[in-house]
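Structural overview for review
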Amino acid sequence: MSAFIVLGAQWGDEGKGKMTDYLAEEAQVIVRYQGGNNAGHTVEVGDKQYKLHLIPSGILHDDKINIIGNGVVVDPKALFEEISYLEGLGIKVTPEKLAISDRAHIIMPYHKILDKLKEKARGKNDIGTTGKGIGPCYTDKYERTGIRVCDLINEEVFKEKLQENIKVKNQYITKIYDGEPLSFEEIFEEYRVLGEKLKPFVKETSVIIYDSISNDKQVLFEGAQGMLLDIDYGTYPYVTSSNTTAGGVSSGTGIGPRLITNAVGIAKAYTTRVGKGPFPTELMDETGDWIREKGHEYGVTTGRSRRCGWLDLVILKTTARVSALTSLVVTKIDTLAGLDKLKVCVGYEFNGQVIDYFPASLEDLAKCKPIYEEYEGWGEEVAEARSYEELPENAKKYLKRIEEFTGTRISIVSVGPKRDQTIRVADL
Ligand code: GDP
Ligand code: IMO
Ligand code: MG
């Protein structure tokens, strides 16, 4: 295997950061292909905890090449803040370890302002975005007015593109959203300097990735967000603005799909979601609160509490299909220890029929009633388990059902946030 994907199989926060850090041991190059610093990945190594947003989770290893691909949106201010934060924790981030695509789009101050103003204007129909400017930046990309990394590092081009953008964005900000206009001079000066700092990191990254694969190096594509936040296959419009599914890898890195051999879906042993939007198996009761507390389900990027619910196998089956998963990693199985009974959703009742896919229309989804199977819980904590055999019988039954329903084998079971709390069961 020369190139494989690690992606979120639910609504994000499944433990992609932990698993990328763990699997980076087996790779030489780690590549982000979509999203931006809306992502929040907590990785624990020894007694240290690292919170990553934009930089690939392979950065914690000294000898890996990390790449921010063309499909990512880059906030240069946030990038240098993250670099300083990591360096403060003793992690070096040099141009030898981190390369940024010259084609990636830049998140500008007006994107962040518009993200917040648009959310406010949506009122009770807000999406609950992270406010990092993600949607407005991708909007400019597809409107073909965006500023790319290669533009930012060329002062003349940047000046011209910024002038044009500020003119138009100030109209939106002041006339539609009643906000304060931005100063071209201030932004130009600040971002010109950021562009200079960025220069040593800027590369033609698709060549680096292609050459790595050609030379039999292992490349790991690290997803951000999750399947149901995908702009096409998620719970639109309560989604993010990029393709989080395996399809996003090729366009987001410039690597043809034929070169990608495996796709590993990271799935939490239950379901969580941050922000607004439908969530059929959500628990609005004390079991939901219990899971939130035991699993520390609070967002890394915004600090919001995560909505919690039962495991929804319809979601995992959909991810297995859409991203052609070769295996699943099940995380946080330790959180569930102590619950008497566990429910697992195995279909939706919709208009008198049973379906096992997510309908596109939110109105149809609202009519879907989850069909549950009930499983006996397990009392024993599993955080110390280091082999599949050590897991309680009821936990094994639960895992077996996941494999059976999704038609996808489980390659890894995670029993805690640390590297060694990881049980390898099968090939990726
Ligand atoms: P990501 O966005 O998919 O990388 O996930 P987050 O980092 O936002 O959220 C997952 C959280 O669960 C992090 O705090 C991890 O340290 C933690 N975590 C990952 N795997 C496990 C696990 O198997 N058990 C427990 N208890 N925590 C885990
Ligand atoms: P990781 O990589 C969970 C959610 C936001 C909001 C929606 C749109 O840590 O799994 P955006 O700012 O992207 O326009 O917000 O997407 N969201 C996430 N939820 N984990 C994430 O990333 C997320 N990134 C965005 O809460 O509902
Ligand atoms: Mg997260």
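Thresholds applied
The residue numbering used here restarts from 1 in each chain and proceeds along that chain's sequence as written. Labels are handed out in written order, letters beginning with A for the chains and numbers beginning with 1 for the ligands. A pLDDT threshold of at least 70 governs which residues receive local features in this predicted model, and a stricter bar of 80 or more applies before side-chain atom pairs are shown or counted, although totals over entire chains, interfaces and linings include all residues. The side-chain figures draw on all heavy atoms in the structure; neither hydrogens nor water molecules are used. We call a residue near a given molecule or strand whenever any one of its heavy atoms falls within 4 Å of it. Between N or O atoms, a polar contact is any pair within 3.5 Å; within protein, one atom must be a potential hydrogen donor and the other a potential acceptor, and residues adjacent in sequence are included only when both atoms are from side chains. Residue type decides the class: Asp, Glu, Lys and Arg count as charged, Ala, Val, Leu, Ile, Met, Phe, Trp, Tyr, Cys and Pro as nonpolar, and the leftover types, Gly among them, as polar. Start and end points for every domain follow an automatic or database-based domain assignment. By definition, residues are in contact when any of their heavy atoms lie within 4.5 Å. Joining two parts hides part of their accessible area as seen by a 1.4 Å probe, and the buried area is that hidden amount summed over both. For salt bridges, the criterion is a side-chain nitrogen of Lys or Arg within 4 Å of an Asp or Glu carboxyl oxygen. Per-residue and other accessible areas follow the Shrake-Rupley method at a 1.4 Å probe size, with only the shown protein chains counted as cover for residues. Helix and strand definitions follow DSSP, with helices as H or I runs of at least four residues and strands as E runs of at least two, each counted in order from the N terminus. Pairing of aromatic rings covers Phe, Tyr and the six-membered ring of Trp, with a centre-to-centre limit of 6.5 Å; geometry is then stacked below 30 degrees between planes, edge-to-face above 60, and tilted otherwise. Exposed residues in this analysis have more than 50% of their type's maximum accessible area, buried residues have under 20%, and partly exposed residues fall in between, with area computed by a 1.4 Å probe over protein chains only. Whether a charge sits over a ring comes down to the Lys NZ or Arg CZ being within 6 Å of the ring centre and within 35 degrees of the ring normal. Any nitrogen, oxygen or sulfur atom within 2.8 Å of a metal ion counts as a donor, with the limit raised to 3.2 Å for Na, K and Ca, and since water is left out, coordination shells can look unfinished.

1. With respect to the site of ligand 2
Taken together, the neighbourhood of ligand 2 is formed by 20 residues, with Asp13, Lys16, Thr130, Gln225 and Thr240 sitting nearest. Interatomic distance of 2.9 Å between a backbone N/O atom of glutamine 225 and an oxygen atom of ligand 2. Between ligand 2 and the protein, one listed contact pairs an oxygen atom with a side-chain N or O atom of threonine 240 at 2.6 Å. Class assignment for the residues of the shell around ligand 2 results in 7 nonpolar, 10 polar and 3 charged.

2. Thoughts on the domain arrangement of the protein
Taken domain by domain, the protein comprises domain 1 (3-101 + 202-262), domain 2 (105-198) and domain 3 (268-424). Averaged C-alpha coordinates put domain 2 and domain 3 at centres separated by 37 Å. Facing the 7 residues of domain 2 at the interface are 5 residues of domain 3. Interface area for domain 2 against domain 3, summed over the two sides, is near 410 Å², with a carbon-plus-sulfur share of 46%. When the area that domain 2 buries against domain 3 is broken down by residue, the three leading residues are Asp126, Gly128 and Thr130, summing to 59%. A salt bridge links aspartate 126 to lysine 276; the shortest N-O distance between them is 2.8 Å. At the junction of domain 2 with domain 3, the criterion picks out 4 residue pairs in polar contact (both at pLDDT 80 or more). Here the residues of the side of domain 2 that touches domain 3 sort into 1 nonpolar, 3 polar and 3 charged.

3. Regarding the site of ligand 1
Surveying the vicinity of ligand 1 reveals 18 residues, the closest of which are Lys16, Gly17, Thr42, Asp334 and Ser414. The separation between an oxygen atom of ligand 1 and a polar main-chain atom of glutamate 14 is 3.1 Å. In the complex, 92% of the free accessible area of ligand 1, which totals 580 Å², lies under the protein chains. Elements with a contribution of two residues or more to the shell around ligand 1: α1 (16-23) and β3 (41-45). For the shell around ligand 1, the domains that each give at least three residues are domain 1 (3-101 + 202-262) and domain 3 (268-424).

4. Comments concerning the packing of aromatic side chains
Under the counting rule described, the total for this entry stands at 8 aromatic pairs. Relative to tyrosine 398, the ring of tryptophan 378 lies with its centre 5.8 Å away and its plane at 65°, an arrangement referred to as edge-to-face. Of the two residues, tryptophan 378 sits in the loop between β18 (369-376) and α13 (393-406) while tyrosine 398 sits in helix α13, which places them 20 residues apart along the sequence. One exposure class covers both tryptophan 378 and tyrosine 398, and it is buried. An aromatic cluster is present here, built from Trp11, Phe279, Tyr348 and Phe358 joined pairwise through their rings. Over the face of the ring belonging to phenylalanine 80 we find lysine 197, whose NZ or CZ atom lies 4.4 Å from the ring centre. Taking NZ or CZ as reference, lysine 317 lies 4.8 Å from the ring centre of phenylalanine 405, over its face.

5. What about the coordination of the magnesium ion (ligand 3)?
Only Asp13 (OD) and Gly40 (O) from the protein coordinate the magnesium ion (ligand 3), and they sit 2.0 to 2.1 Å from it. With aspartate 13 in the loop between β1 (3-8) and α1 and glycine 40 in the loop between β2 (29-32) and β3, this residue pair connects regions lying 27 residues apart in the sequence. Looking at aspartate 13, the relative accessible area reads 23%, which means it is partly exposed.

6. Brief notes about the side chain of threonine 245
Structurally, threonine 245 is set in the loop between β10 (219-222) and α9 (247-253). Excluding residues within four positions of it along the chain, threonine 245 makes contact with Leu7, Tyr33, Met227, Asp230, Val322 and Ser323.

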